[in-house]
Amino acid sequence: MNRITSFEQYQQEYKHSIETPEAFWAEKAEQFTWQKKWDKVLEWNFDEPTIKWFQGGQLNITENCLDRHLETRGDQTAIIWEPNNPKDEVRKLTYKELHAEVCRFANVLKNNNAQKGDRICIYMPMVPELAIAILACARIGAIHSVVFGGFSYKSVADRIHDAGCNMIITVDSASRGLKEVPFKNIIDDALQICPSVKKVIVYKHTNENVKMVANRDVWWQDEMKKCSSNYPAEIMDAEDMLFILYTSGSTGKPKGVVHTCGGYMVYVDYTFRNVFQYNDKEVFWCTADIGWITGHSYSVYGPLLAGATTLLFEGTPTFPDAGRFWQTIDKHQVNIFYTAPTAIRSLEAAGLDFVKPYKLDSLRVLGSVGEPINEVAWHWYNKYIGKEKCPIVDTWWQTETGGIMISPIAGVTKTKPGFATLPLPGIQPALMDEKGNEIIGNNVEGRLCVKFPWPSIIRTTYGDHNRCKENYFETFKGYYFTGDACKRDEDGYYHITGRVDDVIKVSGHLLGTAEIENAIDMHPDLVESAVVGYQHNIKGYGIYAFVVCGHERKDTDLLIKEIIETVTKNMGAMARPDKIQIVKVLPKTRSGKIMRRILRKIAEGDIHNLGDTSTLLDPSVVEDIKNGAV
Ligand code: PRX
């Protein structure tokens, strides 16, 4: 497939994509295997919202990820797996082998009564079987809902329940760094409160002794032995659901973002090839867990659609030491490396001694994703990892956008530290003022929206279409609203400054403050809590919790420990507050609304400039909170 190789070409493609979007995307879509060609490229209405791409078209994404490559690259490595412990054996699967495994597992799913349209929850560590499970679901037309392995049993249960999953795919247990994660035990706990689940398929990964429930739990390996590696792909409509992926919102309840088969395929492939300028036979490594959208789009679907070699890494950046990423790059001769600013900052803090032993000379392109990258981290990444030879693509996008939206094209777009730079072809960003007017021109700042659909835009929030409408399409009528604030500089370059709603990015994970508050409030002694973010050198944002206790507890240290345990149990370790302050009351307006603006300032240590507090029910509470800040 042709790709953009010069800035002039980018400008031409961009123009074409805006003037004749349907023709533009039809050309991209032509290059895939369709069982039946579409009748209509696009039908849309942002008020409803209804967005349909390639209506009437029929396909299966796995035919495009796998079957299509068998003739030309059947023996090429599709997946390289680097285990948690670098001393353990690496695994490699060729396209032929991956195809066979996916088909075999598709038969396993069918044998265990999975049907087209069923929702299947996948709760696994970063092993090749996670990719196989995803693709096998897509092969039979089941909708996968991957839940990140860091979520607690309660969060997993909520997500299983919301999607009405009847099957779960998991492992016995796994290690992340030195930490053991008891996957199957967590699922057993979740299933106590999820009666819809009839089947659990368990991949034996560590040989840990786990309990298997008769008639419900089966071993992956045993089931695979019974099945053939032939499974003709289910034919799907372009707008059939491909997957649900939960993301945090302003309310306590996570949203099940829905992506569909045709548009997602076309967009993820296009952005993968262009942004990273992938060349045949190169090794691509996206460090994100497949439990997040980055892993879905750029560890699995994007690279496989493009016939690339993708590296999956089970471990952590700091095990056995902070040189693990760099060692792995040399070991597998990685050419394109895509990671998060929080990882860059923590490895920068560990010092150059962990970088020096490695050559890093296979690297050609570097990427950043998930949060704004600060200039210091950008320069460190550029100098010490890219050796000032590798373009850095700072890619802005979201779970809801499915693929990269604003980003340099490697080597083509001139970069600026901290800037996601320019919209990709097909993407029409708009900055809005508070009154809902679009801000025209450069050197401006506003709320970031998109005014025209692209193929992998969110279609709905599972089971609650109105929530999708309210969240993304009502704030600015006729626009998709991202929830981010953004600047556009004199060159028309975009610089995303952060969220404007009650979600925070903690170590690259998007967490709803209301969801964390719900988890904290499970502690029996607490009456209520308010969570805000504060700037944190490594994590981007840290979690600051103000909590109100129902009766006096003198053992503050123990109470804080208990609160942390409560959050870990009810949401997951990544949502543990960094700071907890016990307060008598929360600052509330007369109508009972918590004044988060004040709490944010206190959490940032900006206590001399709290602004207007006169609308508070009792302005004196602010003094107490200020004095007790941690
Ligand atoms: O605030 C933006 C930030 O991450 C949010 C989306 O998070 P999530 O759905 O978890 O997807 C993360 C991976 C795509 C955005 O609303 N964000 C993402 N990428 C960037 C970013 N902020 C600044 N620069 C980026 N490159």
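These figures come from a predicted structure and were not determined experimentally.

Rules behind the numbers
- Residues numbered from 1 in each chain as written.
- Predicted model: local features only at pLDDT ≥ 70, side-chain atom pairs only at ≥ 80, totals over all residues.
- Heavy atoms only, no water.
- Helix = DSSP H or I, 4+ residues; strand = E, 2+ residues; numbered from the N terminus.
- Expected span 1.5 Å × (residues − 1).
- Buried < 20%, exposed > 50% of the residue type's maximum accessible area, 1.4 Å probe, protein only.
- Near = heavy atom within 4 Å.
- Polar contact = N/O pair within 3.5 Å; in protein donor to acceptor, adjacent residues only side chain to side chain.
- Areas by Shrake-Rupley, 256 points an atom, 1.4 Å probe, with all protein chains shown as cover.
- Nonpolar A, V, L, I, M, F, W, Y, C, P; charged D, E, K, R; others polar.
- Pairing = 2+ DSSP bridges.
- 1 Å grid on protein atoms, 1.4 Å probe; cavity = no way out; pocket = protein on both sides within 12 Å on 5 of 7 lines; lining within 4 Å.
- Points joined across faces, edges and corners; volume = space filled by probe spheres on them.
- Axes fitted to C-alpha atoms, helices over the stretch in contact; angles between N-to-C directions.
- Parallel < 35°, antiparallel > 145°, perpendicular 65-115°, else oblique.
- Left-handed = near helix turned anticlockwise from the far one by under 90°.
- Contact = heavy atoms within 4.5 Å.
- Domains from an automatic or database assignment.
- Buried area = accessible area lost by both parts, 1.4 Å probe.
- Salt bridge = Lys/Arg side-chain N within 4 Å of Asp/Glu carboxyl O.
- Core = buried A, V, L, I, M, F, W, Y, C linked by side-chain atoms within 4.5 Å.

A few points about helix α5 (residues 128–140)
Link 1 in the chain: The first and last C-alpha atoms of α5 sit 19 Å apart over 13 residues, in line with the 18 Å expected at 1.5 Å per residue.
Link 2 in the chain: Among the 13 residues of α5, 13 are classified as buried, and the element is accordingly described as predominantly covered.
Link 3 in the chain: Looking one or two residues beyond α5, the residue adopting positive phi is G141, at roughly 85°.

Quick look at the site of the ligand
Link 1 in the chain: Near the ligand there are 17 residues, and of these D394, T395, T399, D484 and R499 occur at the shortest range.
Link 2 in the chain: Separating a nitrogen atom of the ligand from a side-chain N or O atom of D394 is a distance of 2.7 Å.
Link 3 in the chain: Coverage of the ligand by the protein chains reaches 95% of its 540 Å² of free accessible surface.
Link 4 in the chain: Going through the elements one at a time, α10 (293–305), β20 (392–395) and β26 (494–499) are the ones with two or more residues in the shell around the ligand.
Link 5 in the chain: Split by residue class, the shell around the ligand holds seven nonpolar, five polar and five charged.

Focus: the sheet that holds β26
Backbone-to-backbone hydrogen bonds join strands into a sheet, with any given pair of strands oriented parallel or antiparallel.
Link 1 in the chain: What the five strands build is an open sheet, ordered β22-β21-β23-β25-β26; its pairing is antiparallel. Of all the strands in the sheet, the pair left with one neighbour each is β22 (438–439) and β26.
Link 2 in the chain: Bridge count between strand β23 (residues 444–450) and strand β25 (residues 480–488): six bridges; the pairing is antiparallel. When the sheet's bridge partners are listed, E445 is paired in β25 with K487.

Observations regarding empty space enclosed by the protein
Link 1 in the chain: The full count for this structure, using the stated rule, is two cavities of 30 Å³ or more.
Link 2 in the chain: If you add up the space inside the largest cavity, you get close to 50 Å³.
Link 3 in the chain: Taken together, V146, V147, F148, F151, R159, L245, Y246, G291 and W292 make up the full set of residues lining the largest cavity.
Link 4 in the chain: A per-class count over the lining of the largest cavity returns seven nonpolar, one polar and one charged.
Link 5 in the chain: Considering only enclosed or pocket space, the second largest cavity measures out at about 30 Å³ in volume.
Link 6 in the chain: Lining the second largest cavity we find C137, A138, G141, A142, M236, M241, L242 and C261.
Link 7 in the chain: Of all elements in the fold, only α5 and β14 (241–247) reach the threshold of two or more residues within the lining of the second largest cavity.
Link 8 in the chain: Of the residues in the lining of the second largest cavity, the class split is seven nonpolar, one polar and no charged.

Looking at the packing of helix α3 (residues 61–73) against α10
Link 1 in the chain: At a minimum axis separation of 8 Å, α3 and α10 run at an interaxial angle of 55°. The angle between the axes of α3 and α10 places the two elements in the oblique class. Judged by the sense of rotation from one axis to the other, the crossing of α3 with α10 is left-handed. For the pair α3 and α10, contact is made by I61, N64, C65, R68 and H69 and by Y301, L304 and L305, respectively.
Link 2 in the chain: Looking at the contact of α3 with α10 residue by residue, the classes come out as five nonpolar, two polar and one charged.

Focus on the sheet that holds strand β19 (residues 365–369)
Link 1 in the chain: If you walk across this open sheet you meet the seven strands as β5-β4-β17-β16-β18-β19-β20, and the pairing is mixed. Bordering the open sheet on either side are β5 (91–94) and β20, each of which pairs with just one other strand. Sheet twist, expressed as the average angle between the axes of neighbouring strands with direction ignored, equals 20°.
Link 2 in the chain: Where strand β18 (residues 336–339) lies against β19, four bridges are found, and the strand directions are parallel. Note on β19: the bridge partner recorded for F337 is L366.
Link 3 in the chain: Here α5 sits on the sheet and contacts β4 (77–82), β5 and β17 (309–313); the angle it forms with β5, its principal contact strand, is near 30°.
Link 4 in the chain: Against the sheet, helix α9 (residues 261–276) contacts β16 (283–286), β18, β19 and β20, and its axis sits at roughly 145° relative to β20.

Quick look at the domain arrangement of the protein chain
Link 1 in the chain: Domain assignment breaks the protein chain into domain 1 (7–486) and domain 2 (507–627).
Link 2 in the chain: The C-alpha-based centres of domain 1 and domain 2 are spaced at 32 Å.
Link 3 in the chain: Every contact between the two is made by 21 residues of domain 1 and, on the other side, 21 residues of domain 2.
Link 4 in the chain: In total, domain 1 and domain 2 occlude about 1,500 Å² of area from one another, counting both sides; carbon and sulfur atoms represent 54% of this.
Link 5 in the chain: Taken together, the connections running from domain 1 to domain 2 amount to one salt bridge.
Link 6 in the chain: The tally of links between domain 1 and domain 2 comes to 11 residue pairs in polar contact (both at pLDDT 80 or more).
Link 7 in the chain: Of all the secondary-structure elements, those providing two or more residues to the side of domain 1 that touches domain 2 are α6 (153–163) and α12 (341–350).

Some points on the nonpolar core
Link 1 in the chain: Ranked by size, the top nonpolar core spans 174 residues in total, and within it F105, L109, F276 and Y301 carry the most contacts.
Link 2 in the chain: Here F276 is in contact with T271, F284, Y298, I336, Y338, R364, V365, V393, I404 and A410, once residues within four sequence places are set aside.
Link 3 in the chain: Ranked by size, the runner-up nonpolar core spans 26 residues in total, among them I80, A322, L363 and I392.

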